[in-house]
Amino acid sequence: MSDYKTGLRNIDDLDRDLHIGFVVAEFNAQYTNEIERVNREFFENEGFQNIDTFSVPGAFELPGFAKRLIETEEYDLIIAIGVVIRWDTPHFDYVCGESARGIMDLNLMYDVPTIFAVLTCNTEDQVKPRIGPNFAIAGLNLLSEIVKIDN
C-alpha cells in the first residue's frame, strides 16, 4: 500500500457556510457509513456544519444522484462514498469503472467539485486501513485551489 497521505493545506479563505453533500452507497454500509462519519466529523471540526447526507443503493448509482444534487445549485462540494470489493466476479470491474467515469464526467461538466470517495479493494481486509478523512481533506484542498483561481 502506498504511504501517500493527503495533508490539509491553507483553507482560511473558505467560507465555513459552504453546503456539502454526501452521497453514500448502502452496499457495504458497515464501511460506507464509517467513511461518511469520519469525514463529516473532520468537516465539523474544521467549522463546516452545513452538511447533508443522502443514500443510494450502490456505487453505480453515485454519479446519477450526485448530478441531481449539483443541479439543485445548492451544493458547493459533493463527496460520493462507496466501497466495492472484488470477490470472484467481473461485476467489480464494471461497477468501479462506470462509477469512476461518472464522477469524472461530473467534474468535467459542472463547476461543483465531486470527490470520488469510492474504495475499490481486492479484499475486505484492505478496506479498514483506507477509512479516514482523506476525502474531506481532498475536497477542502480542491475548493481552496478553486478560490485561488476565481479571485
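Okay, so let's go over this structure.

**Focus: the sheet that holds strand β1 (residues 20-25)**
Within the open sheet, the four strands sit side by side as β2-β1-β3-β4. Their pairing is parallel. The sheet is open, and its two borders are formed by β2 (51-56) and β4 (114-121), each paired with just one other strand. Averaged over all adjacent pairs, the angle separating strand axes in this sheet is 15°, with direction ignored. The pairing of β1 with β2 spans six bridges and is classified as parallel. Bridge assignment links G21 to a residue of β2, and that residue is D52. Packing of helix α1 (residues 29-45) onto the sheet brings it into contact with β1, β2, β3 (77-85) and β4, and relative to β3 it is tilted by some 150°.

**Here we look at helix α2 (residues 62-71)**
Inspection of α2 places L62, P63, A66, L69 and I70 among the buried residues, and these make up the whole buried set. All buried residues of α2 fall inside an arc of 120° around its axis, so they share one side. Those residues of α2 hidden inside the fold are in contact with β1, β2, β3, α3 (91-109) and β4. Where α2 ends, the next residue or the one after it, E73, has phi of about 60°, a positive value.

So, how was this worked out
- Throughout, a residue's number is its position along its own chain's written sequence, starting from 1.
- Only residues with pLDDT of at least 70 get local features here, since the model is predicted, and only at 80 or more are side-chain atom pairs given and counted; chain-wide, interface and lining totals rely on the full set of residues.
- Excluded from the side-chain calculations are hydrogens and water; all other atoms, namely the structure's heavy atoms, are used.
- DSSP-based pairing: two strands are paired if at least 2 bridges between them are found.
- Going along the chain from the N terminus, every DSSP run of H or I of four or more residues is numbered as a helix, and every run of E of two or more is numbered as a strand.
- Each axis is a line fitted through C-alpha atoms, and for a helix only the stretch in contact is used; angles between axes span 0 to 180 degrees, taken between their N-to-C directions.
- Residue contacts follow a heavy-atom distance rule, with two residues in contact if any of their heavy atoms lie within 4.5 Å.
- Summary of the burial criterion: residues with accessible area below 20% of their type's maximum are buried, those above 50% are exposed, and those between are partly exposed, where the area comes from a 1.4 Å probe applied to protein chains only.
- The arc under discussion is defined with respect to the helix axis, by the directions toward the C-beta atoms.

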